[in-house]
Amino acid sequence: MEVTCLLLLALIPFYCRGQGVYAPAQAQIVHAGQACVVKEDNISERVYTIREGDTLMLQCLVTGHPRPQVRWTKTAGSASDKFQETSVFNETLRIERIARTQGGRYYCKAENGVGVPAIKSIRVDVQYLDEPVLTVHQTVSDVRGNFYQEKTVFLRCTVNSNPPARFIWKRGSDTLSHSQDNGVDIYEPLYTQGETKVLKLKNLRPQDYASYTCQVSVRNVCGIPDKAITFRLTNTTAPPALKLSVNETLVVNPGENVTVQCLLTGGDPLPQLQWSHGPGPLPLGAVAQGGTLSIPSVQARDSGYYNCTATNNVGNPAKKTVNLLVRSMKNATFQITPDVIKESENIQLGQDLKLSCHVDAVPQEKVTYQWFKNGKPARMSKRLLVTRNDPELPAVTSSLELIDLHFSDYGTYLCMASFPGAPVPDLSVEVNISSETVPPTISVPKGRALVTVREGSPAELQCEVRGKPRPPVLWSRVDKEAALLPSGLPLEETPDGKLRLERVSRDMSGTYRCQTARYNGFNVRPREAQVQLNVQFPPEVEPSSQDVRQALGRPVLLRCSLLRGSPQRITSAVWRFKGQLLPPPPVVPAAEAPDHAELHLDAVTRDSSGSYECSVSNDVGSATCLFQVSAKAYSPEFYFDTPNPTRSHKLSKNYSYVLQWTQREPDAVDPVLNYRLSVRQLNQHNAVVKAIPVRRVEKGQLLEYILTDLRVPHSYEVRLTPYTTFGAGDMASRIIHYTEPINSPNLSDNTCHFEDEKICGYTQDLTDNFDWTRQNALTQNPKRSPNTGPPTDISGTPEGYYMFIETSRPRELGDRARLVSPLYNASAKFYCVSFFYHMYGKHIGSLNLLVRSRNKGALDTHAWSLSGNKGNVWQQAHVPINPSGPFQIIFEGVRGSGYLGDIAIDDVTLKKGECPRKQMDPNKVVVMPSSGAPCQSSPQLWGPMAIFLLALQR
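Residues numbered from 1 in each chain as written. Predicted model: local features only at pLDDT ≥ 70, side-chain atom pairs only at ≥ 80, totals over all residues. Heavy atoms only, no water.

The name given to the chain in an unreviewed UniProt entry is MAM domain-containing glycosylphosphatidylinositol anchor protein 1, with the source organism recorded as Cebus imitator. Its UniProt record, at the heading Subunit (unreviewed entry), says of the chain: "Interacts heterophilically through its MAM domain with proteins in axon-rich regions and through its Ig-like domains with proteins in differentiating muscle. Interacts (through the Ig-like domains) with NLGN2." In the Function (unreviewed entry) part of its UniProt record, the chain is described as follows: "Required for radial migration of cortical neurons in the superficial layer of the neocortex. Plays a role in the formation or maintenance of inhibitory synapses. May function by inhibiting the activity of NLGN2." (UniProt positions renumbered as here; feature names shortened; annotations may be inferred.)

Written as structure tokens, this is what we have:
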């Protein structure tokens, strides 16, 4: 039957220290993820170098109490100091597949309300290398009076990269250099985008007709490989040339099928052809195949410039453009202009009068206009003139001028615009000239100058126009110069003078201007009026939610304040306690309309504690303030800056943890009497609970409790709840993790179980043949060699880690793996190194312990050595050392004659003083089961008798 190990939590006596530990935030940025290198640049700023497409990971390590909140922001780069709109509120900033545009300076801001925030920054330099682009250009010049021509060819290689790329030019497989070939010159031109190197072939020679390769490199920074591009130069190499099958301006009728061919007339290598349209993409249904562009059933919206471009990286691209014009007409308008010379705004007999007509057409200059009077063509005379392209009016506008207006000139005039011979419908506009034709006036109907509506409702603003003819009305905002209308336009035309708004919002409040247009009516100074829109909305209050703490028996004042609203007043305030209506407060006169509502509680009791709700109304809507009134204590504030909170134990796979905290605002409520501590191993259901009594707790006082018998390497959830005479307060929780000690040895035992990835600060030696490996029974290779190596660590649990050397291929006889400890400062004459080793297999080599002295350079001294098969058991060794100065210890595993030679170590302890006289403790020899199953302890072994026996053994 399988027996499960039972975890017991030993709670040792509680104590506290009276010291103020509130401290401002401190921050430090560390890197992780796939950084290529972190270096210091010329101005002593941290630079994080990373390859484009890799994962950026920055961590902001903070100290300070209470625990600081972290916010990450970024500048766009050296050209901008503005923060991005988005921020990351997390201690770890992670960006998957980072792009070059995400380089720049990153800021970590840590603040906890004590002192000033801490701000640290690091510059992220994103490295990349694009594919190079190679283009060829040539010049031809006459020399010596046209006796011969000199031809020079330039091969230009351009690439975008960071850091700057290095260029290598090759002809065939030979690297080129102008120092080795007088016909070659390599230089960097000025004023080019990206990085460019030019290979100049002077006075082209027969041997210059060859294949040329431009190789670019960033010297393998971040593992970015070199890239290259090759071009074959021949005596037929030439830039592209084009011609079109149609004229550069093509005018067609709507509905026709349009086909344009772009024909290559030169170019080697064979150029690539591409069609584009401006503005916007090619029309829907258009087909570009090779050099042929087809547009079926063309419409007016398809008008525009169509570009055919040919490229072959020789010379400049060839480009031909077709201006496609699809005949169309729209927006026929007219204007009545009274006598300009006499500055008149009315039509008067004996004065001049001008009627103008305009349409928006494509092509504009092909439009013809014809004037009619009373249904008959207007007959030109000395007093009736037709002009075109009046400089005071839009282009291609027809005007009918009436000189010295007579009564007989009154009538109905019609202007007709047309495309002669084209299937485009004519457009016409009609205007009546009589004694009743008068300029417009505009006004706001009575009672409509102020429009009041509720937010979310529709609104209609109205202006009335009188006159004959009546022009359209143009609407705009008055009080906000840069503001747009709700439609998103600065100006909006309404034919009936009504501006209709759907679902108005509070930002639409303000003054609106209505004015007459100068078209489809008199061409005179616009008439205008104004309408005020008032959008009413419910009140906004503060606090929306508030936690009110007070000691039992003390009074409390609750206030709900009006921040904004329309109308800006409180018409009613209703208070509720736990959902039940409270008596209304005293009535305030209307003239003294308050901007807040208050509720007085004479004393906080258990019965009066709970949720209070204040509902404030302004006749449009209501808003609510919520108050949670109680006498319960605030939550504890865990202290995260405890130095070395983890303590490991040599004789067991247990560790202890120093838990520290302060009490938030202890004077706000009744004194804390005790704390309820709950400790639960993660992924387990049962928790150990303990009540911890305390004396009076003051603000900033650091409280401490030591948790013992925590199992390596498990993590635990700790919950801490304060209790007062009122009862339970707010609970705080945190997760504590086991971390290996990496500090120098002191009088207390420091045992490294290798349970943490940092392996207590040990490092792999860079001068050996291979590395030590960290693993446990769960991470072992299932195909590993049998009959060698341990099945579990010294504790016998499958989760426990140990260090070992793997001696299978490609390892050879005599290969060495070295594991080096941190550097220790010698503060005692003698030290004892204790560790467990496992040397099982018929090909076992040697396990050596060396001491590296750092007094005068690095000197390695053998302190202990063991060779050969020692059986499938964990055994303990105690090695005395007496370093003369700063030192490190080194575990050296040496491969034997075959693959059955895995060696393992575990539970390394460095202790001041002499070693035990008895070098081998029989109680610490652990025999490993042949089946490979880990040893499991019976729960009874953790009872009082086991503790008593352990004390006797010591």
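Having seen the model, we can carry on.
Caption draft 1: Up close: the state of the cysteines. Inspection of the entire model under this criterion finds eight disulfides. Two residues, Cys-60 and Cys-108, share a disulfide whose sulfurs are 1.7 Å apart. Here Cys-60 and Cys-108 share a disulfide; its torsion about the S-S bond, -55°, makes the bridge left-handed. Residue Cys-60 is found in strand 6 (residues 56–65), and its partner Cys-108 is found in strand 10 (residues 104–111); the two are separated by 48 residues along the sequence. Accessibility classification places Cys-60 together with Cys-108 in one group, the buried group. The residue that forms a disulfide with Cys-832 is Cys-915, at a sulfur-sulfur distance of 2.0 Å. (Disulfide = S-S within 2.5 Å. Helix = DSSP H or I, 4+ residues; strand = E, 2+ residues; numbered from the N terminus. Buried < 20%, exposed > 50% of the residue type's maximum accessible area, 1.4 Å probe, protein only.)

Caption draft 2: A look at the nonpolar core. By size, the foremost hydrophobic cluster in this structure holds 33 residues, and its most contacted members are Tyr-762, Phe-835 and Phe-891. It is strand 68 (residues 831–839) that provides the largest number of residues to this core, a total of five residues. If sequence neighbours within four positions are ignored, Tyr-762 has contacts with Phe-754, Leu-819, Val-820, Ser-821, Pro-822, Tyr-824, Ile-889, Phe-891 and Val-908. Among the nonpolar cores identified, the runner-up in size contains 30 residues, and Phe-334, Ile-336, Leu-384 and Val-524 belong to it. (Core = buried A, V, L, I, M, F, W, Y, C linked by side-chain atoms within 4.5 Å. Contact = heavy atoms within 4.5 Å.)

Caption draft 3: Main features of the side chain of Thr-662. Within the fold, Thr-662 resides in strand 56 (residues 654–663). Among the polar contacts made by the side chain of Thr-662, one reaches the side chain of His-65 at a distance of 2.5 Å. Those residues in contact with Thr-662 that lie beyond four places of it in its chain are Val-21, Tyr-22, His-65, Pro-636, Glu-637, Gly-700, Gln-701 and Leu-702. (Polar contact = N/O pair within 3.5 Å; in protein donor to acceptor, adjacent residues only side chain to side chain.)

Caption draft 4: Structural detail: the sheet that holds strand 23 (residues 258–268). Spatial strand order, 21-23-26-25: four strands in an open sheet with antiparallel pairing. Looking at strand neighbours, the two that pair on one side only are strand 21 (238–244) and strand 25 (287–289), the edges of this open sheet. Taken over all neighbouring pairs, the strand axes of this sheet differ in orientation by 15° on average, direction set aside. Two elements, strand 23 and strand 26 (residues 292–295), share four bridges in a ladder whose sense is antiparallel. By the bridge assignment, Val-260 is partnered in strand 26 with Leu-293. (Pairing = 2+ DSSP bridges. Axes fitted to C-alpha atoms, helices over the stretch in contact; angles between N-to-C directions.)

Caption draft 5: Main features of the pattern of salt bridges. Within this structure, the stated rule accounts for 35 salt bridges. Where Arg-564 meets Glu-540, a salt bridge forms, and the shortest distance between an N and an O atom there is 2.5 Å. With Arg-564 in strand 48 (residues 556–566) and Glu-540 in strand 46 (residues 528–542), this residue pair connects regions lying 24 residues apart in the sequence. Classification of Glu-540 as partly exposed rests on a relative accessible area of 26%. A single salt-bridge network, built from bridges that share partners, covers Asp-765, Arg-816, Arg-818, Arg-852, Asp-860 and Glu-892. (Salt bridge = Lys/Arg side-chain N within 4 Å of Asp/Glu carboxyl O.)

Caption draft 6: Layout of the packing of aromatic side chains. For the structure on display, the rule yields 14 aromatic pairs. Where Tyr-802 meets Phe-804, the ring centres are 6.2 Å apart and the plane angle is 65°; that geometry is what we call edge-to-face. A relative accessible area of 0% means that Tyr-802 is categorised as buried. Relative accessible area serves as the criterion here: at 6%, Phe-804 is assigned to the buried category. Between Phe-835 and Trp-864 the ring centres are 5.2 Å apart and the planes differ by 85°, which places this aromatic pair in the edge-to-face class. Here Trp-864 lies in strand 70 (residues 859–867) and Phe-835 lies in strand 68, a separation of 29 residues in the sequence. Take Phe-835 and Trp-864: they sit in the same class, and that class is buried. Among the aromatic side chains, those forming a connected cluster through ring pairs are Phe-835, Tyr-837, Trp-864 and Phe-891. Positioned above the aromatic ring of Phe-537, the side-chain terminus of Arg-506 is 3.9 Å from the ring centre. (Phe/Tyr/Trp six-rings, centres within 6.5 Å; stacked < 30°, edge-to-face > 60°. Lys NZ or Arg CZ within 6 Å of the ring centre and 35° of its normal.)

Caption draft 7: Layout of the environment of Asn-112. Tracing the backbone shows Asn-112 in the loop between strand 10 and strand 11 (118–129). On the basis of relative accessible area, Asn-112 is assigned to the buried category, the value being 15%. Between the alpha carbons of Asn-112 and Gln-69 there is a distance of 6.2 Å; along the sequence they are 43 residues apart. Excluding its chain neighbours within four sequence positions, the residues that come into contact with Asn-112 are Ala-23, Pro-24, Ala-25, Gly-64, His-65, Pro-66, Arg-67 and Pro-68. Here the side chain of Asn-112 touches Ala-23 through a polar contact of 2.9 Å, landing on its backbone oxygen. Within the structure, Asn-112 has its side chain in polar contact with the backbone nitrogen of Val-114 (distance 3.1 Å).

Caption draft 8: Local environment of the sheet that holds strand 45 (residues 521–522). Taken together, the five strands give an open sheet; going across it, the order is 33-34-30-29-45, and neighbouring strands pair in mixed fashion. Each edge of the sheet is formed by a strand with only one pairing partner; in this case those strands are strand 33 (384–388) and strand 45. Bridge analysis of strand 33 against strand 34 (residues 398–402) gives five bridges, and the strand direction is antiparallel. Pairing of Leu-385 across the sheet is with Glu-401, part of strand 34.

Caption draft 9: Molecular detail of the environment of Pro-164. As for its position among the elements, Pro-164 is in the loop between strand 14 (161–162) and strand 15 (166–171). Put simply, Pro-164 and Ser-217 are 53 residues apart on the chain and 8.6 Å apart in space, counted from C-alpha to C-alpha. If sequence neighbours within four positions are ignored, Pro-164 has contacts with Glu-195, Ser-217, Val-218 and Arg-219.

Caption draft 10: Structural view of the confidence of the model for the chain. For the chain, the mean per-residue pLDDT works out to 86, and 87% of the residues sit at or above 70. Between residues 77–86, whose pLDDT stays under 50, and residues either more than four places distant or in other chains, the model counts 10 contacts. Below pLDDT 50 for its whole length, residues 142–148 participates in five contacts with residues either more than four positions away or in separate chains. (pLDDT = per-residue confidence, 0-100.)

Caption draft 11: Fine view of the side chain of Ser-328. With respect to the secondary-structure elements, Ser-328 resides in strand 29 (residues 328–338). Apart from the residues within four sequence positions on either side, Ser-328 is in contact with Ala-300, Asp-360, Ala-361, Val-362, Phe-419 and Val-424.

Caption draft 12: Just unusual backbone geometry, in detail. Of the consecutive residues Lys-468 and Pro-469, the connecting peptide bond is found in the cis state with omega at -5°. Each neighbour pair has its own omega, and for Ser-566 with Pro-567 the value is 5°, a cis peptide bond. Its location among the elements puts Pro-567 in the loop between strand 48 and strand 49 (572–577). A positive phi is found at Asn-220, a non-glycine position, where the angle reads about 60°. Along the chain, Asn-220 falls in the loop between strand 19 (211–217) and strand 20 (227–232). A residue is classified by how much of its surface remains accessible, and Asn-220, at 51% relative accessible area, is exposed. Unlike most non-glycine residues, Ile-759 shows phi in positive territory, near 40°. Relative to the elements of secondary structure, Ile-759 occurs in the loop between strand 63 (751–752) and strand 64 (763–764). Of the residues examined, Ile-759 reaches a relative accessible area of 10% and is grouped as buried.

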